[in-house]
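Descriptive structure summary
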Amino acid sequence: MQTPTLWPSLPTTLEHSLLLSSEGEKLLLAFAESLLEAGGNELAPDLFPTFSGFLLSAWESSLLSAKTAGMLLTAHEILPCLNELSADFCSTCASLKPSNPAFAQQINTAIANGDLEDAKNLTVRFAAQEPGNLFWLRFAQHIGLLWGELDWYEPWLENPPMPRAFARIFRADYAFARKDWQTAADLYALAYKETALVQWLVREGECHLRMGDRAAAVECWRRAVVARPWQTNLLLRLASVIRNDDLPAAPPSGRGEILLYSWNHGFDLQRCLEALHASELYGCPITVLNNGSTDNTAEILKSWHERTDVDLRVITLPVNIGAPAARNWLLGTEQARAADWVVFLDDDALVPKDWLGLFGRAMRNYPNAAVVGCRIHSAAAPMALQSVDLHFECSATGDYKLCDTHLNTPDFGQYSYLRPALSVTGCCHCITRKSLDAHGHFDLRFSPSQFDDLERDFRVAQNSGQCIYQGFLSVGHIKHSGLMAGITPWQKANIQGNLSKLWGSYSKEAIIPMAHRDWESLRQDFLNKLSTLGI
């Protein structure tokens, strides 16, 4: 594999992983550990800046993590990489712990179960028992940013027991979540000046971009990549913005169809259709399949069908035939068969105004795309990422799984870029007619739901097709809880069963060439984007 010249010589597995992502505390710690292991627990001098950079970035993404702070502090003692203020606070964070570890486990269990009120009550109770212990602020921040409980979270930031420079960082993140871009940018700028931690420069740049100051964003990010030349996500984002990948173009060329199916989600479907109607549809018709609903779905669809300002067709089935069959039924309509592209949209997905233009931008930049998908966030908590670009990663045991570094990581724009992917989420994705003819429809064996879209993307990849991830298109998803949270035992069994079907259908021997093609596609795309930056 050709390594970009701005990276030092790294182990091959680490090069592969960096192409997938350079974000997420867990992943960055694994990178640092892999560098140590490759050198027999000794680092060559030229690798130490990269090693400490991994630890710095991991700590910046989770300041109150005792484990990460402890590892960074050890590295700092060997070769200083922190200024005095940051080193002192890092030392404080390295010692954070609860008086009773069982208390933390109770909160983690409540979060895993999707029990928001229990998680909030437990966090407040345990923090009150240990005033001044910053350990509990980490849970409060998680609940505030990733569950959208900003009003509840705000009082935690009034006078936290930490240096003023670091308190600014928590307030800046809060302002970012409130979309108060100017306040956040000012606080990040001050925090970077005082702490010399690069992440605040990156986030300041993101604020400038969202305020429309592209030049200021690019300037911040160019300064950041000098300090962190291995940060793939940042390099991709910088190049994508310079190339205007974040700006809507005309919609995909040719005739399109927007396809939805729904079962007993009347309230969500109404919000979905309202968002669609408020967006720029360019005359694209909508077809909704009522999949045997027994709630008010029929009445909602009737009212939309009768409107004169929207082109909406309705198909009504007497029973629920499941997701893959519903998708295939929609694809079998005369209108869909005549379309050059179709978009499948979940009935609880909320599109922004310029969504089709962003799909159009992606398809013009990648004219051979078979499928184009987007970034999915929780509608109730926009900082909570649900899906980004998916790729295979190889574990230490040689097994393959899908990279999930975005989970439990607040969205500060780090996954907003345009590039190839192994798979994109089916919550909102565009499929070309050429791909439908070449790669087929959806596999009925994944009824009633779950992973039929992922399996189809695997088929696309197996036949050398290409998925494209348009990370500048962010679609809200009303369902907020995690895949296994707040579901019935039957639903959990169905998810696990379909996962078994998926991995049972694709052997390791079948996955390896797909993974290698994906990595090669990422490498070529990455190097092309580096050339945009003059690197």
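Going by the structure above, here's the rest.
This section reports on the structure supplied with the text. (Residues numbered from 1 in each chain as written. Predicted model: local features only at pLDDT ≥ 70, side-chain atom pairs only at ≥ 80, totals over all residues. Heavy atoms only, no water.)

1. Some words on the packing of helix 12 (residues 198-210) against helix 13 (residues 214-227)
- Direction vectors running N to C along helix 12 and helix 13 enclose 160 degrees, while the axes themselves pass 7 Å from each other. One element, helix 12, and the other, helix 13, form an angle in the roughly antiparallel class. You can see that helix 12 and helix 13 cross each other, and the crossing is left-handed. Of the residues in helix 13, those in contact with V198, L201, V202, E204, G205, E206, H208 and L209 of helix 12 are R214, A216, A217, C220, W221, R223, A224 and A227.
- A per-class count over the contact of helix 12 with helix 13 returns ten nonpolar, two polar and four charged. (Axes fitted to C-alpha atoms, helices over the stretch in contact; angles between N-to-C directions. Helix = DSSP H or I, 4+ residues; strand = E, 2+ residues; numbered from the N terminus. Parallel < 35°, antiparallel > 145°, perpendicular 65-115°, else oblique. Left-handed = near helix turned anticlockwise from the far one by under 90°. Contact = heavy atoms within 4.5 Å. Nonpolar A, V, L, I, M, F, W, Y, C, P; charged D, E, K, R; others polar.)

2. A short note on helix 11 (residues 181-195)
- With 15 residues, helix 11 should reach 21 Å at 1.5 Å per residue; the first-to-last C-alpha distance of 20 Å fits that figure.
- For helix 11, the full list of buried residues reads W181, A184, A185, L187, Y188, A191 and T195.
- Immediately downstream of helix 11, the backbone of A196 shows phi near 60 degrees, a positive value. (Expected span 1.5 Å × (residues − 1). Buried < 20%, exposed > 50% of the residue type's maximum accessible area, 1.4 Å probe, protein only.)

3. Focus: the pairing of strand 3 (residues 312-317)
- Of the pairings in the sheet, the one linking strand 2 (residues 286-291) to strand 3 comprises six bridges and is parallel in character. What sits directly across from L289, in strand 3, is I315.
- Where the polypeptide runs from strand 2 across helix 16 (residues 297-305) and back to strand 3, its parallel neighbour, the crossover connection is right-handed. (Pairing = 2+ DSSP bridges. Right-handed = clockwise from strand over helix to strand, strands pointing away.)

4. Focus on the state of the cysteines
- One pass over the full model with this rule turns up zero disulfides.
- The cysteine C272 is free of any disulfide, with C427 supplying the nearest cysteine sulfur at 8.8 Å.
- With no disulfide partner, C374 has as its closest neighbouring cysteine sulfur the one in C428, 4.2 Å distant.
- Here C374 falls in the buried class, since its relative accessible area comes to 0%. (Disulfide = S-S within 2.5 Å.)

5. A short note on helix 12
- Counted at 1.5 Å a residue, the expected span for helix 12 with its 13 residues is 18 Å, and the 19 Å between its end C-alpha atoms agrees.
- Most of helix 12 sits out of view: twelve of its 13 residues are buried.
- Where helix 12 is concerned, the buried positions are V198, Q199, W200, L201, V202, R203, E204, G205, E206, C207, H208 and L209.
- Looking at the buried side of helix 12, the elements it contacts are helix 3 (48-61), helix 10 (164-177), helix 11, helix 13 and helix 14 (232-242).
- Of the residues flanking the end of helix 12, it is G212, one or two places downstream, whose phi is positive at about 95 degrees.

6. Structural notes on the packing of aromatic side chains
- Here the structure, examined in full by the defined rule, presents 24 aromatic pairs.
- The interplanar angle of 50 degrees and the centroid separation of 5.3 Å between the aromatic rings of F392 and F458 together place this pair among those described as tilted. Linking F392 in strand 8 (residues 392-394) with F458 in helix 21 (residues 452-462), this pair joins segments that are 66 residues apart in sequence.
- Ring geometry for Y400 versus W519: centroids 6.4 Å apart, planes at 35 degrees, classification tilted. One end of the pair, Y400, is in strand 9 (residues 400-402); the other, W519, is in helix 23 (residues 508-532), and 119 residues separate them in sequence.
- A relative accessible area of 16% places Y400 in the buried class.
- Since its relative accessible area comes to 7%, W519 is described here as buried.
- An aromatic cluster of at least three residues, connected via ring pairs, comprises F392, Y400, F458, W503, Y506 and W519.
- Over the face of the ring belonging to F412 we find R203, whose NZ or CZ atom lies 3.7 Å from the ring centre.
- Over the ring of F344 we find R327, and its NZ or CZ is 5.3 Å from the ring centre. (Phe/Tyr/Trp six-rings, centres within 6.5 Å; stacked < 30°, edge-to-face > 60°. Lys NZ or Arg CZ within 6 Å of the ring centre and 35° of its normal.)

7. Observations concerning the nonpolar core
- The biggest cluster of nonpolar side chains holds 89 residues, and the ones touching the most others in it are W221, L260, L273, L276, I286, W355 and F359.
- Sequence-distant contacts of W355, that is, excluding residues within four places in its chain, are made with I258, L276, S279, E280, L281, V343, C428 and L473.
- Counting residues in hydrophobic clusters, the runner-up holds 78 residues, among them L47, A87, F89 and L134. (Core = buried A, V, L, I, M, F, W, Y, C linked by side-chain atoms within 4.5 Å.)

8. What to know about the pairing of strand 11 (residues 428-432)
- Burial analysis of strand 11 places five of its five residues in the buried class, the great majority of the element.
- Side-chain alternation along strand 11 places C428, C430 and T432 on one buried face and H429 and I431 on a second face that is also buried.
- The pairing of strand 4 (residues 341-345) with strand 11 spans five bridges and is classified as antiparallel. Residue pairing in the sheet places W341 in a bridge with T432 of strand 11.
- Direction of pairing for strand 6 (residues 371-378) relative to strand 11: antiparallel, over a ladder of two bridges. Looking at the pairing, V371 lines up with I431 of strand 11.

9. A short note on the environment of D354
- With respect to the helices and strands, the residue D354 is situated in the loop between strand 5 (349-350) and helix 19 (355-365).
- Judged by relative accessible area, which is 32%, D354 ranks as partly exposed.
- Taking the C-alpha atoms as reference, D354 lies 17 Å from P382; in sequence the two are 28 residues apart.

10. Focus: the packing of helix 2 (residues 25-38) against helix 4 (residues 66-78)
- Between helix 2 and helix 4, the shortest axis-to-axis distance is 11 Å and the interhelical angle comes to 30 degrees. Seen from above, helix 2 lies across helix 4 with left-handed handedness. Facing E25, L29 and E33 of helix 2, the residues of helix 4 in contact are K67, T68 and M71.
- Taken together, the residues that form the contact of helix 2 with helix 4 break down as two nonpolar, one polar and three charged.

11. Section: the pattern of salt bridges
- Enumeration according to the criterion identifies 25 salt bridges in this entry.
- Between R228 and E60 there is a salt bridge, with the nearest N and O atoms lying 2.8 Å from each other. Here R228, found in the loop between helix 13 and helix 14, pairs with E60, found in helix 3; they are 168 residues apart in sequence, far enough to count as distant.
- Residue R228 is classed as buried on the basis of its relative accessible area of 4%. (Salt bridge = Lys/Arg side-chain N within 4 Å of Asp/Glu carboxyl O.)

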